[in-house]
Amino acid sequence: MTDSVDLSVVIPAYNEEHRLGPTLEAVIGHLAENEGSWEVIVADDGSTDGTREVGALSHPHVRLVTSPRNRGKGHALRLGVAVSRGARLLVTDADLSAPIEELGRLDKALSEGNAAAIASRSVPGAEIADRQHRARELLGRAGNLLIRATAVPGIRDTQCGFKLFEGDRAREAFGAARLNGWGIDVEVLHHFHRQGWPVAEVPVRWSHRPGSKVGPLDYVRVLADLARIRARAVRPADLLAAVLFLVLSVALYSGRFFDPSHRYLTDSMQDQNQWEWFFAVTADNVAHLRNPLFTDLQGFPDGVNLMANTVMLGLSVPFTPVTLLAGPAVSLSLCMALGLAGTAAAWYWLIAKRVVRRRAAAFVGAALAAFAPPMVSHANAHPNFVVLFMIPLIIDRALRLSTGARVVRDGIVLGLMAAYQIFLGEEPLLLASMGMLLFAAAYGALRRDVARAAWRPLLKGLLIAGAVCLPIVAFPLYWQFSGPQSYQGIAHGDNAGNSPLSLLAFAERSLIAGDAQIAGPLSLNPTEQNAFYGWPLVAVAFAVVVRLWERALVKALAFTAVAAAVLSLGPRIRVPLTDLVYPGPWALLAHKPLFESVIEGRVAMICAPALGMLLALAVDRAAASRSPATQYIGLLGVALALLPLVPAPLKATDRVAVPAFITDRTYRSYVHDGETLVPVPLPDPGAAEALHWQTAAHLGFKLPGGYFNGPWGDEHIGIYGAAPRFTSNMLRDVRYTGVVPVIGKNWRAQARQDFAYWKAGALVLAPQPNDGALRTALKKLTGQDGKWTGGVWVWDLHKGV
């Protein structure tokens, strides 16, 4: 028979000789009275009982299709659906837990424009007579939460065995399915979701029937099916994009990535030592169940407020096993390389979902967003500005809130995301919020209809997000701003804004156009080249805005990029090549809470994703053009804008070896419990190699001084490093000048006070510039010669000073 019918009913069956007969009689009776043309297809899955001999199978409207062996519900359904002919197709289980009379509810939902209507036990209006065992209910709910998160968002009950589909779409979805087990329900609904076919969830009457074929192991199998669904759902283009981003990231870090314990990123200055120490001390705190927000291993005896330093607990805590097993250098290297690739993948996902249709265009936009010159600059030293994969996810969740569809759920998720981002980096979240606010203001002004519809659900969702986020971060933030060693703001100089020229120039690490002699004077240091987008990109972006000016999205992105660029110029804007200085808009924010610690030049990083989306729109528009000339000119312009920005691998060098005095633990003979090892000069932001000594010794000793953010003075002003003392200042001056001051009784008395304050067990001087002058100063301070041992000079302070 090839003629179509109005309705096909497919019933999978395995060893159902006792339940199938009554079910068929109920179905046939209902369809005969209420449907026009119909058929019932029983898909036998290799039954070993009398299922195939059930009397009702002889009805002229009933067909039996069989499998030679039992392969699972999914296989049986594919067999049945494949031979169906109905314009509508109902799939129902053999136990008929949802009575056939509920078909009318599903039919009504299908007639309202939905491609499928599925029975649900979890939406308002559902009636459950006989419930399942409590344990099965809980397992089902937990599984459905995972299903919604990974495969079928928005569907509360995917496993209820009573579903009505448009026939042709059902045959396509089941034909594309590959799962043989219970997971086929999820796989088919996932297919509908990906195709954008609307699915209605309809409340029904439902009763649990004894004799269920679902066993405890089937819940585990469904989880495995979910993993297979997600793996198959990945488009080859998406997988290729992720692989390319990873290759780009590893290439950028190639100088350190393959031997992180013995290689050092030279442009990180002392930051690599600092960040490795952050990972090491966090792992040590977690392993010993200590407070992860504080330590006195550095900056002894005052200690370090870790929450007030960017230790990235969101990564350093979960990476604890890697740090303990492979060392902090490996953890940091993996986090930065994988984090940068993950950031690019997240931008790619957002751009492909929200901005353009073509994957190639999304790849171009994401590549610029993640590998723009300021990102590459920070990739030397600042993982908190490299690992930004949460930012695109937060943006997407905020956009979902604006639709008003699932405000409570999306508000809760946004709150959790924001809390996690706070533990990755607060300043990037602040900058991202500024960028979102700029975009929302511009887009809202252009599309007031959208703004009017969005502001209420958005506001409600943000309030819910705040209510979720605040309890999670309240104590850590209290500790950060009011706990031990907290500080009030931190000074970055009078004006850390960008020069207008830096927006048009090329960064030092640009492979083709980079020039350190040009980029250096236009930036604070190699890790803070926060603009440097290059004049070709600025010109192409301007052309894109002019060409696509009719689109509100383009205007809003252009406003966001321009506003961020202007804010990044700082509180005072100097006109290049003149002595003219004008107040900048950043002056309105410079002294406000939270903003006073921001390096304003970093605001230009907001431009990276905005420019990336503009380029993605340009590539998408050019690729869609039917004119070869338009395609060629558009794609050539984008290529010429990006080519000068391709980064060279970050500079790396062999790491200075840790002295044997540390590695063979000779220091233990000199530093007793409760005492510190005092490197000379004391570690500070300009020379923090002693932090590497400490991590190489598995944090076996404490250090005075250090490289961190801490308070200074009665007003607790933030500074880099420990609060200075007379002896530490003097030793640092000798290190950099080679001049030994006249050291008499006063200096020696001060040194004794400082050594006592630090609880110093030994002074340690490694070979370095001006080490002769330092030896002379230490001899005069202590009254004794140092001892050469383990590659360093050592002064044992237990012998008296």
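Conventions used here
- Sequence order sets the numbering: in each chain, residues are counted from 1 along the sequence as written.
- At least 70 in pLDDT is required for a residue's local features to be given in this predicted model, at least 80 for side-chain atom pairs to be given and counted, and no such filter applies to totals for whole chains, interfaces and linings, which use all residues.
- The side-chain numbers reported here are obtained from all heavy atoms of the structure, hydrogens and water having been left aside.
- In this text, helices come from DSSP runs of H or I with a minimum length of four residues, and strands from runs of E with a minimum of two, each type numbered from the N-terminal end.
- Here the term buried applies to any residue with accessible area under 20% of the maximum for its type, exposed to any over 50%, and partly exposed to those in between, with areas from a 1.4 Å probe on protein chains only.
- We call two residues in contact whenever any of their non-hydrogen atoms come within 4.5 Å of each other.
- Accessible areas in this description were obtained via Shrake-Rupley with a 1.4 Å probe; residue shielding takes into account the shown protein chains only.
- Paired strands, as defined in this entry, are two strands with at least two bridges between them according to DSSP.
- Axes here refer to lines fitted to C-alpha atoms; in helices the fit is confined to the stretch in contact. Angles between the N-to-C directions go from 0 to 180 degrees.
- We call two N or O atoms a polar contact when they sit within 3.5 Å, provided that within protein one can donate a hydrogen and the other can accept it, with sequence-adjacent residues counted only if both atoms are side-chain atoms.
- We define a nonpolar core as any set of buried Ala, Val, Leu, Ile, Met, Phe, Trp, Tyr and Cys residues linked to one another through side-chain atoms lying within 4.5 Å.
- A patch consists of residues exposed above 30% relative accessible area that lack any salt bridge, with like charges linked at up to 9 Å and nonpolar side chains (Val, Leu, Ile, Met, Phe, Trp, Tyr) linked at up to 5 Å.
- A pair is scored as a salt bridge if a Lys or Arg side-chain nitrogen falls within 4 Å of a carboxyl oxygen belonging to Asp or Glu.
- Working definition: rings of Phe, Tyr and Trp (its six-membered ring) pair if their centres are within 6.5 Å, and the pair is stacked with planes under 30 degrees apart, edge-to-face with planes over 60 apart, and tilted otherwise.
- A 1.4 Å probe that fits but cannot get out identifies a cavity on a 1 Å grid over protein atoms alone, an open set with protein on both sides within 12 Å along at least five of seven lines counts as a pocket, and a residue lines either if it has an atom within 4 Å of a point.
- Grid points are joined across faces, edges and corners, and a volume is the space filled by probe spheres set on the points.
- In this count, Pro and Cys sit with the nonpolar residues alongside Ala, Val, Leu, Ile, Met, Phe, Trp and Tyr, while Asp, Glu, Lys and Arg are called charged and the others, Gly among them, polar.
- Roughly parallel means an angle under 35 degrees; roughly antiparallel, over 145; roughly perpendicular, 65 to 115; everything else is oblique.
- Crossings are sorted by hand: turned counterclockwise from the far helix by less than a right angle, the near helix makes the crossing left-handed, and turned clockwise it makes it right-handed.

Quick notes on the overall build of the protein
Of regular secondary structure, the protein possesses 29 helices and 22 strands. When burial is assessed residue by residue, the protein has 53% of its 801 residues classed as buried. Of the contacts formed within the protein by residues at least 6 apart in sequence, a portion of 75% connects residues at least 24 apart. Here the protein displays about 35100 Å² of accessible surface, and carbon together with sulfur accounts for 60% of that area.

Examining the sheet that holds strand S18 (residues 709-712)
Each strand in a sheet pairs with its neighbour through backbone hydrogen bonds, running either in the same direction (parallel) or in the opposite one (antiparallel). Strand order in the open sheet formed by 3 strands is S13-S19-S18, and the pairing between neighbours is mixed. Each edge of the sheet is formed by a strand with only one pairing partner; in this case those strands are strand S13 (488-490) and S18. With direction set aside, neighbouring strand axes in the sheet form an average angle of 45°. Sheet topology note: the S13/strand S19 (residues 717-720) ladder contains 2 bridges and is parallel. Note that in S19 the partner of isoleucine 490 across the bridge is glycine 718.

A closer look at the side chain of arginine 602
Looking at the secondary structure, you find arginine 602 in the loop between strand S15 (581-583) and helix H23 (607-624). Of note is the side chain of arginine 602, whose polar atom sits 2.4 Å from the side chain of glutamate 528. Residues contacting arginine 602, with those up to four places away along its chain left out, are His378, His382, Phe385, Glu427, Leu431, Glu528 and Asn530.

Considerations on the nonpolar core
The biggest cluster of nonpolar side chains holds 140 residues, and the ones touching the most others in it are Phe245, Tyr253, Trp277, Phe661, Ile662 and Leu677. Sequence-distant contacts of leucine 677, defined by excluding residues within four places in its chain, comprise Phe661, Ile662, Tyr667, Val671, Phe701, Lys702, Leu703, Pro704, Ala762 and Val764. One finds Val9, Ile28, Leu110 and Ala200 within the second-largest nonpolar core, a separate group that totals 34 residues.

A closer look at a nonpolar patch on the surface
Taken together, Val234, Leu239, Val243 and Val247 make up a surface patch of nonpolar side chains, about 340 Å² in accessible area. By the element assignment, valine 234 lies in the loop between helix H7 (216-233) and helix H8 (236-252). On the basis of relative accessibility, which here comes to 40%, the residue valine 234 falls in the partly exposed class.

Here we look at the packing of aromatic side chains
Overall, the coordinates contain 18 aromatic pairs when judged by the stated rule. When the ring of phenylalanine 245 is compared with that of tyrosine 348, the centres are 6.2 Å apart and the planes differ by 70°; the resulting orientation is edge-to-face. On the criterion of sequence distance, the pair formed by phenylalanine 245 in helix H8 and tyrosine 348 in helix H13 (residues 328-354) is long-range, its members being 103 residues apart. The burial state of phenylalanine 245 is the same as that of tyrosine 348; both residues are buried.

Looking at the pattern of salt bridges
A full pass over the atoms with the stated rule returns 34 salt bridges. Put simply, arginine 52 and aspartate 44 hold a salt bridge, and the shortest N to O gap is 2.8 Å. Overall, the relative accessible area of 0% leaves aspartate 44 in the buried class. Each of Lys73, Asp93, Lys163 and Asp185 takes part in salt bridges that share partners, so that together they form one network.

Regarding empty space enclosed by the protein
Considering all chains together, one arrives at 1 cavity of 30 Å³ or more under this definition. Its boundaries defined by the atoms lining it, the largest cavity holds a volume of some 50 Å³. Residue composition of the lining of the largest cavity, by class: 5 nonpolar, 3 polar and 1 charged.

Comments concerning the side chain of threonine 343
Within the element layout of this structure, threonine 343 appears in helix H13. When its relative accessible area of 0% is taken as the criterion, threonine 343 is described as buried. A polar contact is formed between the side chain of threonine 343 and the backbone nitrogen of leucine 388, at a distance of 2.8 Å. Not counting chain neighbours up to four residues away, the residues in contact with threonine 343 comprise Ala370, Val386, Val387, Leu388 and Phe389.

Some details on the environment of alanine 379
The residue alanine 379 is located in helix H15 (residues 373-379) in this model. Take alanine 379: its relative accessible area is 0%, and that puts it in the buried class. As a C-alpha pair, alanine 379 and leucine 265 span 114 residues in sequence and 9.8 Å in three-dimensional space. Those residues in contact with alanine 379, other than ones at most four positions away along the chain, are Leu252, Tyr253, Leu265, Met336, Val386 and Leu650.

Remarks on the packing of helix H18 (residues 426-446) against helix H19 (residues 448-482)
Each pair of packed helices can be summarised by the angle the axes make with each other and by the distance between the axes. Packing of H18 against H19 leaves a shortest axis separation of 13 Å and a crossing angle of 170°. Considering the angle they form, H18 stands roughly antiparallel to H19. Here the hand of the crossing between H18 and H19 comes out left-handed. Judged by residue contacts, Glu426, Tyr443, Gly444, Ala445 and Leu446 of H18 engage Arg448, Val450, Ala451, Leu477 and Gln480 from H19.

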